[in-house]
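# Examination of the molecular architecture
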Amino acid sequence: MTTLESPGRTVVGEGIERVDAPLKVTGGAHYPNDFSYPGMVHAALVGSTIAAGRIRRIDASDAQSAPGVLTVITHLTAPQLPRGPMTQLGSSPPAPMQDDRILHYGQHIAIVVADSAEQARHAASLVRVEYEPTEALLDVEDPNAEILDNPWGLDSERGDVSAGFAEADVVVEGRYTTPDNTNNPLGLMSTIASWHGDSVTVHDSTQWPHNVRTTLAAVFGVPESGIRVLAPFVGGGFGAGLRVWSHVILTALAAREVRHPVKLVLTRPQMFTSVGHRPNSVQQIRIGATRAGNLVAIEHHGISSVAMEDDDFEPVSSCSAVSYACPNVVTRDRQARLNIPCPGSMRAPAEGQGNFALESAIDEAAHAIGMDPLELRLRNYAEDHPLLGLPWSSKALRDCYTQGAERFGWSRRTPDIGSMRDGRWLVGYGMAGASYPFYQAPCQARASLRRDGSAYVRSAATDIGTGTYTVMTQFAAELLGLEISRVRFDLGDSDMPYAPQAGGSGLTSALANAIHTACDNLVHELLDIVRDDDKSPLRGASADDVTVGEGRLHRISAPDQGEPYTDILARHGLEEVSADGRSTPPDGQQIGMAPSGAFGAKFVEIRIDPGLGLLRVRRVVSAIDGGRILNEKTATSQIVGGTVGGISQAMFEATETDEGTGRIANPTFGDYLMPVNADVPDMEVIFCGTPDRATKAGTKGVGEIGLVGVAAAIGNAIHHATGRRLRSLPFTIDQLL
């Protein structure tokens with residue numbers, strides 16, 4: 001049975017208001033920092049003030065004797081803790097405070113627990129540390145850095161690149177650099193831990209409650225069944241909440257030692273050194289094309305930074321392997337181990353950097369052969385997956401190009417450099433293609449129908465502002481043929497069925513498919529109940545015989561032969577009926593298709609004051625293939641938010657590290673530049689394409705695709721306006737003067 005084929009009122013796709021909005025606007029949405037326990041005490045962290053070396057001496061006596069202090073834990077007093085387990089996203093970060101080594105500036109070297117947060121912070125300032133510093137490795141191109149070649153096994157090669165370049169009429173080549181960026185959700189990351197014997201309840205700013213549970217169980221040697229992680233609301237994340245960082249483990253450790261619930265809230269500067277960041281990259285890209293506009297060779301090499309004893313998934317060159325129907329392509333990735341805080345995922349990881357290089361170079365190739373950049377992309381459109389040789393499960397990128405161009409007015413673009421003006425302002429039009437790889441992890445959900453006719457659906461996912469509460473409520477309502485007001489969807493509790501992380505644009509599909517199966521199984525349960533019920537008009541019906549609508553099951557061939565869920569439960573004396581569902585990622589070889597992520601095209605108009613070097617983004621059109629859109633309003637919001645992030649990446653963001661000390665030089669909102677309302681232009685979002693064929697739900701994630709392509713489109717518009725090809729992010733005034 002496919003309940004989505006219900007002839008009843010369709011609620012999926014409607015841009016309804018967020019179901020959690022009333023709680024958020026009235027203060028009823030409780031974030032991790034909002035919780036409290038009787039007897040709760042507070043913790044503060046001490047960070048290293050060098051980037052590399054050892055702790056020669058650490059003196060916590062003044063801190064220990066300060067008012068209200070319960071304990072100070074350092075590497076001298078911390079127990080030996082194992083590293084957390086391997087996860088779907090790679091290894092866990094190193095266990096904290098296990099020895100005297102310093103691997104990066106800001107490394108946690110002590111945790112202070114006191115009666116109040118103010119007392120804890122004061123006592124933390126009293127911890128005295130003497131170091132034995134060594135030379136820090138801070139530059140991704142430092143010849144002394146350890147280099148990891150092909151760290152993820154994703155390097156690719158097809159065809160003969162040398163022969164392709166020999167065939168090319170035009171070859172363009174460039175070196176592109178992107179800086180560290182820091183995630184900086186508005187809500188400071190926080191953790192509360194409360195132990196009861198070997199059981200612990202944790203409130204955490206996490207995007208993956210089950211990962212926190214599994215990690216804490218492994219680190220502290222306690223059963224997972226005794227760990228409950230709660231994150232019903234999370235104040236943003238952008239990837240910062242995907243891993244179990246050391247402050248979470250230290251909070252749990254401190255709570256176990258003092259036998260009180262402990263709350264820890266990171267400071268804004270600590271957010272720059274404690275919860276990951278987008279690593280910087282240096283990319284060398286070369287593209288060969290014929291005068292007719294055929295791409296004949298692409299070579300893309302990237303190197304990015306990684307911490308000394310950690311890993312991070314950031315294959316910046318891999319986008320070049322699958323974006324175009326080019327016969328000869330080589331992609332290579334490396335990482336350099338540096339004395340830096342652990343990098344981690346930040347919105348559109350790897351693609352955000354790699355797409356900037358690729359789509360800038362594609363634009364440069366188009367200019368070199370005198371072809372419209374849009375035409376060059378259409379001419380080299382990859383109908384099938386270039387590496388797998390399989391048709392995409394869905395790909396409406398061609399529609400994104402053509403519909404986006406029409407909405408933007410691309411035909412008004414005059415091709416000559418500097419040919420478009422508005423008074424003293426130079427006007428530039430730029431565009432870029434965009435994609436984000438398919439990602440989906442196993443997921444579980446449970447659905448229940450209650451005697452009052454309502455449904456309760458739940459899974460241990462998180463909603464980091466993306467609208468998961470809302471779209472899953474809509475989806476379950478349609479699957480069960482109920483009004484939205486009769487469905488409650490819950491998440492953010494590790495005691496609920498397993499869910500993967502809210503990240504990688506993978507949660508919506510994983511969760512929707514699990515809910516789809518759970519609701520199908522729930523209908524099967526109801527049919528089993530009435531199978532031999534001579535009072536039911538559905539007696540003997542199979543799942544293929546029925547559909548849902550208006551809170552009832554009825555036969556497809558005879559809609560009058562059916563009954564409400566409430567009647568079935570009441571007649572059989574049941575308060576509720578429940579069913580579980582699970583989803584697994586589709587296998588491309590089994591389904592004969594390459595599972596597809598999102599695609600898109602970005603069109604940007606910019607203005608530049610040539611005398612002052614001022615750059616303004618005037619408008620952006622994003623055309624997106626996101627598969628089946630469950631809620632157009634929340635999906636549009638995701639694209640708009642991602643686009644703002646792309647503008648920020650292009651024009652503002654750079655985490656500055658002092659070359660001499662490894663200190664983050666701009667770790668506050670006063671110093672770390674981000675766009676404000678005045679920097680955000682008019683934006684339009686249009687959705688193209690049809691439901692994806694790889695799964696029942698037909699969805700594809702749109703959380704990352706909003707950012708991808710924006711930086712390249714702005715850079716391409718700058719070139720159109722000025723003739724300058726900027727290859728280093730962010731684009732700053734000095735580059736434009």
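Residues numbered from 1 in each chain as written. Predicted model: local features only at pLDDT ≥ 70, side-chain atom pairs only at ≥ 80, totals over all residues. Heavy atoms only, no water.

With that out of the way, let us pick up the overall build of the protein chain. Along the protein chain, the regular secondary structure elements total 18 helices and 28 strands. Projected onto the principal axes, the alpha-carbon positions of the protein chain cover approximately 80 × 75 × 50 Å. When the 737 residues of the protein chain are sorted by exposure, 62% land in the buried category. Of the roughly 27200 Å² of accessible surface on the protein chain, a fraction of 48% belongs to carbon and sulfur atoms. (Helix = DSSP H or I, 4+ residues; strand = E, 2+ residues; numbered from the N terminus. Buried < 20%, exposed > 50% of the residue type's maximum accessible area, 1.4 Å probe, protein only. Areas by Shrake-Rupley, 256 points an atom, 1.4 Å probe, with all protein chains shown as cover.)

Looking now at the pairing of strand S26 (residues 599–609). For S26, a buried count of eleven out of eleven residues is recorded, marking the element as mostly surrounded by other parts of the structure. Neither face of S26 is left uncovered, since the one carrying Phe-599, Ala-601, Phe-603, Glu-605, Arg-607 and Asp-609 and the one carrying Gly-600, Lys-602, Val-604, Ile-606 and Ile-608 both have all their residues buried. The hairpin formed by S26 and strand S27 (residues 614–625) contains four residues between the paired strands, and Gly-613 there has a positive phi angle of roughly 70°. (Pairing = 2+ DSSP bridges.)

If you trace the backbone, Thr-634 turns up in helix H16 (residues 632–651). Taking the relative accessible area as the measure of exposure, Thr-634 reaches 5% and is therefore buried.

Note that strand S11 (residues 199–204) and strand S12 (residues 227–230) share four bridges and pair parallel. Counterpart to Val-200 in the pairing with S12 is Ile-227. Note on the crossover from S11 through helix H5 (residues 209–220) to S12: the handedness is right-handed. (Right-handed = clockwise from strand over helix to strand, strands pointing away.)

Once that is clear, we can look at the state of the cysteines. Per the stated rule, a full pass over the model turns up zero disulfides. The structure places no disulfide on Cys-400, whose sulfur is separated from the nearest cysteine sulfur, that of Cys-688, by 4.1 Å. Looking at Cys-688, the relative accessible area reads 5%, which means it is buried. (Disulfide = S-S within 2.5 Å.)

Here we come to the environment of Val-523. Along the chain, Val-523 turns up in helix H13 (residues 507–529). Classification of Val-523 by relative accessible area gives buried; the value is 1%. C-alpha of Val-523 to C-alpha of Ala-579: the two residues are 56 residues apart in sequence and 8.7 Å apart in space.

On to the nonpolar core. With 70 residues, the main nonpolar core has Ile-287, Ile-606 and Ile-714 as its most contacted residues. Leaving out residues up to four positions away in the same chain, Ile-287 has contacts with Phe-165, Val-170, Val-171, Val-172, Leu-295, Ala-297, Ile-298, Leu-358, Ala-361, Ile-362 and Ala-365. (Core = buried A, V, L, I, M, F, W, Y, C linked by side-chain atoms within 4.5 Å. Contact = heavy atoms within 4.5 Å.)

Time to look at the packing of helix H12 (residues 468–480) against H13. The geometry of H12 relative to H13 is characterised by a closest axis approach of 10 Å and an angle of 30° between their N-to-C directions. On the basis of their axis angle, the class for H12 and H13 is roughly parallel. When you trace H12 past H13, the crossing you get is right-handed. Along its contact with H12, which presents Thr-468, Met-472, Phe-475, Ala-476, Leu-479 and Leu-480, the element H13 presents Leu-507, Thr-508, Leu-511, Ala-512, Ile-515, His-516, Cys-519 and Leu-522. Partitioned by chemical class, the residues of the contact of H12 with H13 number eleven nonpolar, three polar and no charged. (Axes fitted to C-alpha atoms, helices over the stretch in contact; angles between N-to-C directions. Parallel < 35°, antiparallel > 145°, perpendicular 65-115°, else oblique. Left-handed = near helix turned anticlockwise from the far one by under 90°. Nonpolar A, V, L, I, M, F, W, Y, C, P; charged D, E, K, R; others polar.)

Take the sheet that holds S11 next. In a beta sheet, neighbouring strands are held together by backbone hydrogen bonds and run either parallel or antiparallel to one another. Sheet architecture is open: seven strands sit in the order S3-S5-S1-S13-S10-S11-S12, paired in mixed fashion. Strands with a single pairing partner mark the edges of an open sheet, and in this sheet they are strand S3 (69–74) and S12. Neighbour to neighbour, the strand axes of the sheet diverge by 20° on average, direction disregarded. On top of the sheet, H5 reaches strand S10 (190–196), S11 and S12; it is set at about 145° to S12, its chief contact. Set on the sheet, helix H6 (residues 246–258) makes contact with strand S1 (41–47), S3, strand S5 (108–114), S10, S11 and strand S13 (262–265); between it and S10 the angle comes to about 35°.

To continue, consider the packing of aromatic side chains. Per the counting criterion, the structure on display carries 13 aromatic pairs. When the ring of Trp-152 is compared with that of Phe-313, the centres are 5.8 Å apart and the planes differ by 70°; the resulting orientation is edge-to-face. Residue Trp-152 is found in the loop between strand S7 (147–149) and strand S8 (156–158), and its partner Phe-313 is found in the loop between strand S15 (295–307) and helix H8 (319–322); the two are separated by 161 residues along the sequence. Aromatic side chains Phe-408 and Trp-410 sit 6.3 Å apart centroid to centroid with 45° between the ring planes, which places their arrangement in the tilted category. Among the aromatic residues, those joined into a cluster by ring pairs are Phe-408, Trp-410, Tyr-429 and Phe-603. Directly above the ring of Trp-195 sits Arg-256, whose terminal nitrogen or CZ lies 5.9 Å from the centroid. (Phe/Tyr/Trp six-rings, centres within 6.5 Å; stacked < 30°, edge-to-face > 60°. Lys NZ or Arg CZ within 6 Å of the ring centre and 35° of its normal.)

Taken as a whole, the protein chain shows an average pLDDT of 97; of its residues, 99% reach a score of 70 or greater. No element of the protein chain has a lower mean pLDDT than helix H18 (residues 733–736), which averages 94, and none a higher one than S5, which averages 99. Below a pLDDT of 50 lies the segment residues 1–8, which in the model reaches 22 contacts outside its immediate sequence neighbourhood of four places, other chains included. (pLDDT = per-residue confidence, 0-100.)

In this section: the environment of Gln-440. Note on placement: Gln-440 falls in the loop between strand S18 (425–435) and strand S19 (443–450). On the basis of relative accessible area, Gln-440 is assigned to the buried category, the value being 6%. Contact partners of Gln-440, with chain neighbours within four places excluded, come to Gly-506, Ser-509, Ala-510, Asn-513, Ser-583, Thr-584, Pro-585, Pro-586 and Thr-695.

With that settled, the discussion passes to the pattern of salt bridges. Tallied over the full model, the rule gives 38 salt bridges. The partner of Asp-20 in a salt bridge is Lys-24, with the nearest N and O atoms 3.1 Å apart. The salt bridge partner of Asp-625 is Lys-700, with a shortest N-O separation of 2.9 Å. Placement of the pair is Asp-625 in strand S27 and Lys-700 in the loop between strand S28 (682–687) and helix H17 (710–722), with a sequence separation of 75 residues. Take Lys-700: its relative accessible area is 5%, and that puts it in the buried class. (Salt bridge = Lys/Arg side-chain N within 4 Å of Asp/Glu carboxyl O.)

Turning our eyes to something else, we now look at the sheet that holds strand S20 (residues 455–458). Ordered by their spatial adjacency, four strands build an open sheet running S21-S20-S19-S25, and the pairing between neighbours is mixed. The open sheet has two edge strands with one neighbour each: strand S21 (487–490) and strand S25 (576–583). Strand after strand, the sheet turns through a mean of 15° between neighbouring axes, direction not considered. Sheet analysis places S19 next to S25, joined by eight bridges and oriented antiparallel. Looking across to S25, one finds that Ala-445 is bridged to Gly-581. H12 contacts S19, S20 and S21 of the sheet and is inclined by roughly 135° relative to S21. In the packing of H13 onto the sheet, the strands contacted are S19, S20, S21 and S25, and the crossing angle to S25 comes to about 140°.

Between Leu-729 and Pro-730 the backbone carries a cis peptide bond, its omega angle lying at -10°. Position of Pro-730 relative to the elements: it lies in the loop between H17 and H18. Even without being glycine, Ser-505 reaches a positive phi, approximately 55°. The buried category is assigned to Ser-505, whose relative accessible area is 16%.

For H6, spanning 13 residues, the distance from its first C-alpha to its last is 18 Å, which sits close to the expected 18 Å at 1.5 Å a residue. Across the 13 residues of H6, eleven count as buried, placing the element largely inside the fold. For H6, every residue scored as buried is listed here: Ser-246, His-247, Val-248, Ile-249, Leu-250, Thr-251, Ala-252, Leu-253, Ala-254, Ala-255 and Val-258. Once H6 ends, the next one or two residues include Arg-259, with phi positive near 60°. (Expected span 1.5 Å × (residues − 1).)

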